[in-house]
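# Observations on the three-dimensional arrangement
Next come the chains, spelled out residue by residue.
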Amino acid sequence: MNFSEQIMANEVPIRMGFFFGIFAVMAIWELIAPRRALTVSRAIRWANNLGLVFLNSFIVRLIFPAAAVGVAAFAVENGWGLLNYYQLPFAVSVVISVIAMDFIIYLQHVLVHAVPVLWRLHRVHHADLDYDVTTGARFHTLEIIISMLIKFATIVVLGPPIVAVIIFEIMLNATAMFNHSNIGLPKGLDNFLRLFLVTPDMHRVHHSVEDDEANSNFGFSLTWWDRLFGTYRAQPRAGHIGMTIGIHKYREPRQVSWLPGMLWLPFVGRLSDYVINRRQWSSDTEGGQNEK
Ligand SMILES: [Zn+2]
Ligand SMILES: [Zn+2]
C-alpha cells in the first residue's frame, strides 16, 4: 500500500484525529492565553455551537454518504475533470488541486456575503457574539449543504486526485479552527505567517460588526486571494480588544447563541427588507452588509 492508498483507507480516523487534536490544542491555548475576554457564557456557546456542528455532520452524512471523496473517486474512474484529462505529475496535481479548491472557497465566501439570500444563511456564522475555536465550525445546515454542492461541482470540473481532496478537507478544517481561535500570536510570527496563512488576528477582522471590516479577509486558509483581489485588511480600526464581534442587528442571545435561534436566524425579517435597505445602503458611501 502506498502513501495515497494508506490515506484513503484511513480517511475517517485521520480526519477525526486532526479535528479533535487541533480542537484540543486551540481550546487549551484559548483557556491559558485568551486574546479577548468572552462576553457570553462559554458553556452555553460551546454547547450550542458544537450542537450545530454535530447536527450538520449527521445531516451531511445522511444526504451525501459518498461525500467529496466519493465524488472525486467517481471523477477519476470516468476521466472527468481537467486534471484527469491532462496528465500532470501526481505531486503537481495535488498542489494545484489544493490551491484551486482554496480559491473556490474564497470566491464562495465573497458570494455568500454579496447575495442577500445567501447572506441570510452565512449570517449565522457571523452572529456569534464571541470569537473562538467553536465559531470556526458554526455554519447553518443549509449553508453546509450548499457548500457541499459547490465542492462537488468543483471536483467534477477540476478532477483532483482523491488524496488532494482529503488533504484539502483536513487543511480547511484545521485552518478554520486555528484562525477562529481566541488567541494572539507574537507580531513577528503573525506577520510572517500572513504571507501565506490566515492567522487569528487576520480573520477576526472579518467578524467585526463594522461593514467595511466584515467585507474584508474572506480567505480561510491562504492569504493570497485577499491580497490579489483587494479585500485584505491588516487590522480592525478599534483594535483586537476594542472591536465588537458579531452583527449590529442581531445581538439577542436567544437568537444568536442558542441552537433553535441560530437555525431560525436565516428566516428572520422579510426578504423585501433587503431591497429597501439595499437602496439606502447604495446611497451610502461605505459598502457592507445591508442589514448592519
Ligand atoms: Zn463571512
Ligand atoms: Zn469566520
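Below is a summary of the structure that appears in this document. (Residues numbered from 1 in each chain as written. Chains lettered and ligands numbered in written order. Predicted model: local features only at pLDDT ≥ 70, side-chain atom pairs only at ≥ 80, totals over all residues. Heavy atoms only, no water.)

On to the coordination of the zinc ion (ligand 2). Here the zinc ion (ligand 2) is held by His125 (NE2), His180 (NE2), His203 (NE2) and His207 (NE2), and the distances to it run 2.1 Å. Around the zinc ion (ligand 2) sit 4 donor atoms, and with donor-metal-donor angles ranging over 90 to 164° the site reads as irregular. Sequence positions of the residues that donate to the zinc ion (ligand 2) give the spacing H-x54-H-x22-H-x3-H. For the pair the zinc ion (ligand 2) and the zinc ion (ligand 1), the metal-to-metal distance amounts to 5.4 Å. Residue classification places His203 among the buried residues on the basis of a relative accessible area of 0%. (Donors = N, O, S within 2.8 Å, 3.2 Å for Na, K, Ca; no water. Tetrahedral: all angles 85-135°; square planar, octahedral: opposite > 155°, others 65-115°. Buried < 20%, exposed > 50% of the residue type's maximum accessible area, 1.4 Å probe, protein only.)

Another aspect to go through is the layout of surface pockets. Of the pockets and cavities examined, the largest pocket occupies roughly 1400 Å³. Considering the residues around the largest pocket, the lining is formed by 45 residues, among which Arg15, Ser57, Ile144, Lys151 and Asn173 are closest to the centre. Listing elements by their share of the lining of the largest pocket, those giving two or more residues are helix H2 (11-32), helix H3 (42-63), helix H4 (67-78), helix H6 (90-114), helix H8 (141-158) and helix H9 (162-179). Residue composition of the lining of the largest pocket, by class: 30 nonpolar, 9 polar and 6 charged. There is about 200 Å³ of room inside the second largest pocket. Lining the second largest pocket we find 14 residues, and of these Val76, Asn84, Phe90, Pro161 and Ile162 sit closest to its centre. Looking at the lining of the second largest pocket, the elements with two or more residues in it are helix H1 (3-9), helix H5 (82-85), H6 and H9. When its residues are assigned to classes, the lining of the second largest pocket shows 9 nonpolar, 5 polar and no charged. (1 Å grid on protein atoms, 1.4 Å probe; cavity = no way out; pocket = protein on both sides within 12 Å on 5 of 7 lines; lining within 4 Å. Points joined across faces, edges and corners; volume = space filled by probe spheres on them. Helix = DSSP H or I, 4+ residues; strand = E, 2+ residues; numbered from the N terminus. Nonpolar A, V, L, I, M, F, W, Y, C, P; charged D, E, K, R; others polar.)

A separate point is the packing of aromatic side chains. Evaluated as defined, the whole model comprises 14 aromatic pairs. Arranged with centres 5.9 Å apart and planes meeting at 25°, the rings of Tyr106 and Phe229 form a pair that is stacked. Pair noted here: Tyr106 is in helix H6 and Phe229 is in the loop between helix H13 (224-228) and helix H14 (239-242), with a separation of 123 residues, a long-range link. Accessibility expressed as a relative area gives 3% for Tyr106, which makes it buried. (Phe/Tyr/Trp six-rings, centres within 6.5 Å; stacked < 30°, edge-to-face > 60°.)

What follows deals with the coordination of the zinc ion (ligand 1). Six octahedral donors around a metal ideally make angles of 90 or 180 degrees; four tetrahedral donors ideally make 109.5 degrees. Coordination of the zinc ion (ligand 1) by the protein comes from His109 (NE2), His113 (NE2), His122 (NE2), His126 (NE2) and His206 (NE2), over a distance range of 2.1 Å. The sequence pattern formed by the donor residues of the zinc ion (ligand 1) is H-x3-H-x8-H-x3-H-x79-H.

Here we come to the packing of H4 against H9. Between H4 and H9, whose axes approach to 9 Å, the crossing angle comes to 160°. When the axes of H4 and H9 are compared, the pair comes out roughly antiparallel. At the point where H4 passes H9, the crossing takes the right-handed sense. Contacts from Ala68, Val69, Ala72, Ala73 and Val76 of H4 reach H9 at Ile162, Val165, Ile166 and Glu169. For the contact of H4 with H9, the per-class residue count stands at 8 nonpolar, no polar and 1 charged. (Axes fitted to C-alpha atoms, helices over the stretch in contact; angles between N-to-C directions. Parallel < 35°, antiparallel > 145°, perpendicular 65-115°, else oblique. Left-handed = near helix turned anticlockwise from the far one by under 90°. Contact = heavy atoms within 4.5 Å.)

For the pair H6 and H8, the least separation of the axes is 11 Å and the interaxial angle reads 140°. With respect to each other, H6 and H8 are oriented oblique. When the axes of H6 and H8 are compared, the crossing they make is right-handed. The residues of H8 that touch H6, namely those facing Ser97, Ala100, Met101, Ile104, Gln108 and Val112, are Glu143, Ser147, Ile150, Thr154 and Leu158. Here the residues of the contact of H6 with H8 sort into 6 nonpolar, 4 polar and 1 charged.

Turning our attention to H8. With 18 residues, H8 ought to run about 26 Å at 1.5 Å a step, and its terminal C-alpha atoms sit 25 Å apart, in line with that. For H8, the full list of buried residues reads Thr141, Glu143, Ile145, Met148, Lys151, Phe152, Thr154, Ile155 and Leu158. (Expected span 1.5 Å × (residues − 1).)

Counting 27 residues, the largest nonpolar core has Phe64, Phe152, Ile155, Val165, Ile166 and Phe168 as its most contacted members. Of all the elements in the fold, those that place two or more residues in this core are H4, H6, H8 and H9. Apart from residues no more than four positions distant in its own chain, Phe64 is found in contact with Ile145, Met148, Leu149 and Phe152. (Core = buried A, V, L, I, M, F, W, Y, C linked by side-chain atoms within 4.5 Å.)

In short, shape yes, function no, at least from these values alone.
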